[in-house]
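Structure at a glance
Below, each chain spelled out in residue letters.
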Amino acid sequence: MLFVIGGNAQDRPTDFLSADFHKQRREAVRTMLPANSVAVFFANPVRNRSNDVDYVYHQDPDFYYLTGYREPNAVLIIFSDFQKDAAGKMYNEILYVQERNSNAEQWEGKRLGIVGAKEQLGFEMVFNGEAFLMNTIDFKSFDVVTFFDFKDDYRDTGGRADLFDLIRTFKIKTDYFSNYNSTKKELYTMIKSTDIANSANVAQVLGRYLNDDDDLKRDELLNAFVKAKNDGLRAEIKERVSVELKSYNFDTNVITEIMNKLRETKTPEEMVLLKKAVEISAVGQLEVMKAMHPNMSETEIQGVHEYVYKKYGAEYEGYPSIVGGGANGCILHYIENSKPKVGNDLVLMDLGAEYHGYTADVTRTIPANGTFTKEQRQIYDIVYRAQEAGIQASVVGASFQAPGDAAKKVIAKELMALGIINNEAEARTYFPHGTSHYLGLDVHDKGTYTAFKPNTVITVEPGIYIPEGSNCDEKWWGIAVRIEDDILITENGPVNLSAMAPRTADAIEKVMKQPSPLDKFVLPKLD
Ligand code: GLY
Ligand code: MN
Ligand code: MN
């Protein structure tokens, strides 16, 4: 019997987000939707690696957040209001899934199918994707159809009801046009709500938008409004814009704002998984500190971190691992990790385990031989003090920029004191990136990027990077340091979730003296 639902043909961990969690998140979306609207979410595409090998599938985080479904070729529909089917049954959401297929399942693994999605994910109304291609949802009857605009990075796999077919059907049913431009809709909306007495000013503002965007420049109505010589003409165009707007029931802003708001703050259930991802990653850093020696390659160091992740059951890395020895650390997202020996340099290691969807993002920079040189330590300590200032600034109500402002101030002042820069503005040369981002299902997670709220998780990650040939004393060249921790914002102040990874220069040197189980893991030499 092949189709065993809930059987143990494929044992899985049991600590995934619960069906209740996803249901409650969908309910939250529903309450934030405008009246008579519908939100449409598509699963991530399958991406081809080469020939008949695809990249490991990863669900779209919003889709995962709202469904728990981890397969491709699926659509989720959330209605703001109850709908009634032909048999009089009321429903306010539908999930379309991949249909079960014994041949595909023999090669690729079990599919949940309709029954599995009902039993395990708790949906009431589930159909195969095929039904979406034929279904009778009349998208034109809603005031707003909100969805994330298409990236056009999916391909026609030839499969029945694959993502390509699903999106094509949606576009046809909504009269979506390929040159849809959400800014255009915003500007039309702006014109529609303009008081004619103020329309000359609005036309001036619109003119600036048109200058920056060729697509908008070609739009007849926008152009006419900007060029109109008097209020009478503008009133006429306003009328035409209002008529035109009626065919624009689709929207990409409503859904964006809703998902940013929801995903910014984490529920207790999410925090269990996110904390686990962060702690696993911190343990990875700790174990690597013990195992590190100058003969290791960047690739091997990466492997030790990732082994620890797998040992704890983390499925993936949340983003490509970054392990840069010496000046390689100056490349902010260095993922080549190919240096054969790290030697006596500092090694910058920016990695994060992904555990059941939630990703960590932790960076430590350590001396490969176990001891910081004087110059390495001087730079390290500046970054440490900058990070401390940033963490202290991560409090409820502070602006999202607060940790960055605090960290930048420390770095500028201390780099000036060492004579590496001459004025504050030059600090950007050596600290060229932001200090914080939200963390969650995405490493650079969704959020409003406004004042801090309780139960949000951010990174605080200042750095100083001094490439060879920099305009300062040569003794600093090739030093690159980033320290990154994952901070939970609470009413009682910031909590460092990655504190298990030693962070001060002294603590790092101390841990690096400890033996590692890998000291005894010696493999045969190969020719
Ligand atoms: N690892 C990417 C970042 O730190 O933002
Ligand atoms: Mn980061
Ligand atoms: Mn990072």
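Scroll up a little and you will see the structure.
Here is a short report on the structure shown in this document. (Residues numbered from 1 in each chain as written. Chains lettered and ligands numbered in written order. Predicted model: local features only at pLDDT ≥ 70, side-chain atom pairs only at ≥ 80, totals over all residues. Heavy atoms only, no water.)

Listed as protein donors to the manganese ion (ligand 3) are Asp350 (OD), Asp350 (OD), Asp361 (OD) and Glu484 (OE); their distances from the metal cover 2.0 to 2.3 Å. With six donor atoms in place around the manganese ion (ligand 3) and angles of 57 to 171° between them, the coordination shape is irregular. Along the chain, the residues donating to the manganese ion (ligand 3) fall in the pattern D-x10-D-x122-E. Here the manganese ion (ligand 3) and the manganese ion (ligand 2) are spaced 3.3 Å apart, with Asp361 acting as a shared donor. Separated by 11 residues along the polypeptide, Asp350 in strand β11 (residues 346-351) and Asp361 in the loop between β13 (358-359) and β14 (362-367) bring together distant segments of the chain. Among the residues examined, Asp350 registers a relative accessible area of 4% and is labelled buried. Owing to a relative accessible area of 3%, Asp361 belongs among the buried residues under this scheme. (Donors = N, O, S within 2.8 Å, 3.2 Å for Na, K, Ca; no water. Tetrahedral: all angles 85-135°; square planar, octahedral: opposite > 155°, others 65-115°. Helix = DSSP H or I, 4+ residues; strand = E, 2+ residues; numbered from the N terminus. Buried < 20%, exposed > 50% of the residue type's maximum accessible area, 1.4 Å probe, protein only.)

For strand β15 (residues 456-460), the buried fraction is high: five of the five residues fall into the buried class. Here β15 shows two buried faces, one formed by Thr456, Ile458 and Val460 and the other by Val457 and Thr459. For β15 and strand β18 (residues 485-490), the ladder comprises five bridges, and the chain directions are antiparallel. Looking at β18, one finds that Thr456 is bridged to Ile489. (Pairing = 2+ DSSP bridges.)

Tracing the backbone shows Asn455 in the loop between α17 (427-430) and β15. Asn455 sits 36 residues away from Glu491 along the chain, and the two C-alpha atoms are 8.6 Å apart. Sequence-distant contacts of Asn455, defined by excluding residues within four places in its chain, comprise Glu264, Thr265, Lys266, Leu488 and Ile489. (Contact = heavy atoms within 4.5 Å.)

The full set of residues close to ligand 1 is Tyr319, His333, Asp350, Asp361, His437, His444, Glu461 and Glu484. Here a nitrogen atom of ligand 1 and a side-chain polar atom of Asp350 are 3.1 Å apart. In isolation ligand 1 has 200 Å² of accessible area, and contact with the protein removes 94% of it. Classifying every residue of the shell around ligand 1 by side-chain character gives one nonpolar, three polar and four charged. (Near = heavy atom within 4 Å. Polar contact = N/O pair within 3.5 Å; in protein donor to acceptor, adjacent residues only side chain to side chain. Areas by Shrake-Rupley, 256 points an atom, 1.4 Å probe, with all protein chains shown as cover. Nonpolar A, V, L, I, M, F, W, Y, C, P; charged D, E, K, R; others polar.)

Right, let's get into unusual backbone geometry. Of note, Asn51 is a non-glycine position whose phi angle comes to about 50°, a positive value. In this fold, Asn51 is placed in the loop between β2 (48-50) and β3 (53-54). Residue classification places Asn51 among the exposed positions, given a relative accessible area of 69%. Non-glycine residue Asp152 carries a positive phi angle of around 55°. Mapped onto the elements of the fold, Asp152 is located in the loop between β7 (144-147) and α6 (163-174).

Attention shifts here to the coordination of the manganese ion (ligand 2). Within the protein, Asp361 (OD), His437 (NE2), Glu461 (OE) and Glu484 (OE) serve as the donor atoms for the manganese ion (ligand 2), at 2.0 to 2.1 Å. Given six donor atoms and angles of 51 to 157° at the metal, the environment of the manganese ion (ligand 2) is assigned as irregular. If you list the donors of the manganese ion (ligand 2) from N- to C-terminus, the spacing comes out as D-x75-H-x23-E-x22-E.

A cluster of nonpolar side chains, contributed by Leu518, Phe521 and Leu523, occupies part of the molecular surface with about 330 Å² of accessible area. Take Phe521: it is sitting in the segment after α18 (505-512). (Patch = residues over 30% accessible without salt bridge, like charges linked within 9 Å, V, L, I, M, F, W, Y side chains within 5 Å. Salt bridge = Lys/Arg side-chain N within 4 Å of Asp/Glu carboxyl O.)

Next up on the list: the sheet that holds strand β4 (residues 75-84). Spatially, β6-β5-β4-β1-β7-β8 is the arrangement adopted by the six strands of the open sheet, whose pairing is mixed. Both outer strands of the open sheet, β6 (126-128) and β8 (250-251), are each paired with one neighbouring strand and no more. As paired elements, strand β1 (residues 37-42) and β7 share four bridges and run parallel to each other. Residue pairing for β7: Val40 is matched across the bridge by Phe147.

Pairing within the open sheet is antiparallel, and its three strands lie in the order β9-β12-β13. Every interior strand has two partners, whereas the edge strands, β9 (316-317) and β13, have only one. Two strands pair when backbone bridges link them, and strand β12 (residues 353-355) and β13 are joined in this way by two bridges, in the antiparallel orientation. Residue pairing across strands places Glu354 opposite Thr359, the latter belonging to β13. On the sheet, helix α13 (residues 268-291) packs against β12 and β13 and is oriented at approximately 150° with respect to β12. (Axes fitted to C-alpha atoms, helices over the stretch in contact; angles between N-to-C directions.)

Compared with the 21 Å implied by 1.5 Å per residue over 15 residues, the 20 Å span of helix α11 (residues 231-245) between its first and last C-alpha is a close match. If you check which residues of α11 are buried, you get Arg234, Ile237, Val241, Ser242 and Leu245. End-on view of α11: buried residues confined to an arc of 150°, all on one side of the axis. Seen from the open side of α11, the exposed residues pointing more than 90 degrees away from its buried face are Glu236, Glu239 and Val243. Among the residues of α11, the N-terminal cap falls to Asn230, whose side-chain oxygen and the backbone nitrogen of Gly232 are separated by 3.1 Å. (Expected span 1.5 Å × (residues − 1). Arc of directions from axis to C-beta.)

This part is about the packing of aromatic side chains. With the rule as written, the count across this model stands at 25 aromatic pairs. The interplanar angle of 70° and the centroid separation of 6.1 Å between the aromatic rings of Phe150 and Phe170 together place this pair among those described as edge-to-face. One end of the pair, Phe150, is in the loop between β7 and α6; the other, Phe170, is in helix α6, and 20 residues separate them in sequence. For Phe150, a relative accessible area of 13% gives the class buried. For Phe170, a relative accessible area of 0% translates into the label buried. (Phe/Tyr/Trp six-rings, centres within 6.5 Å; stacked < 30°, edge-to-face > 60°.)

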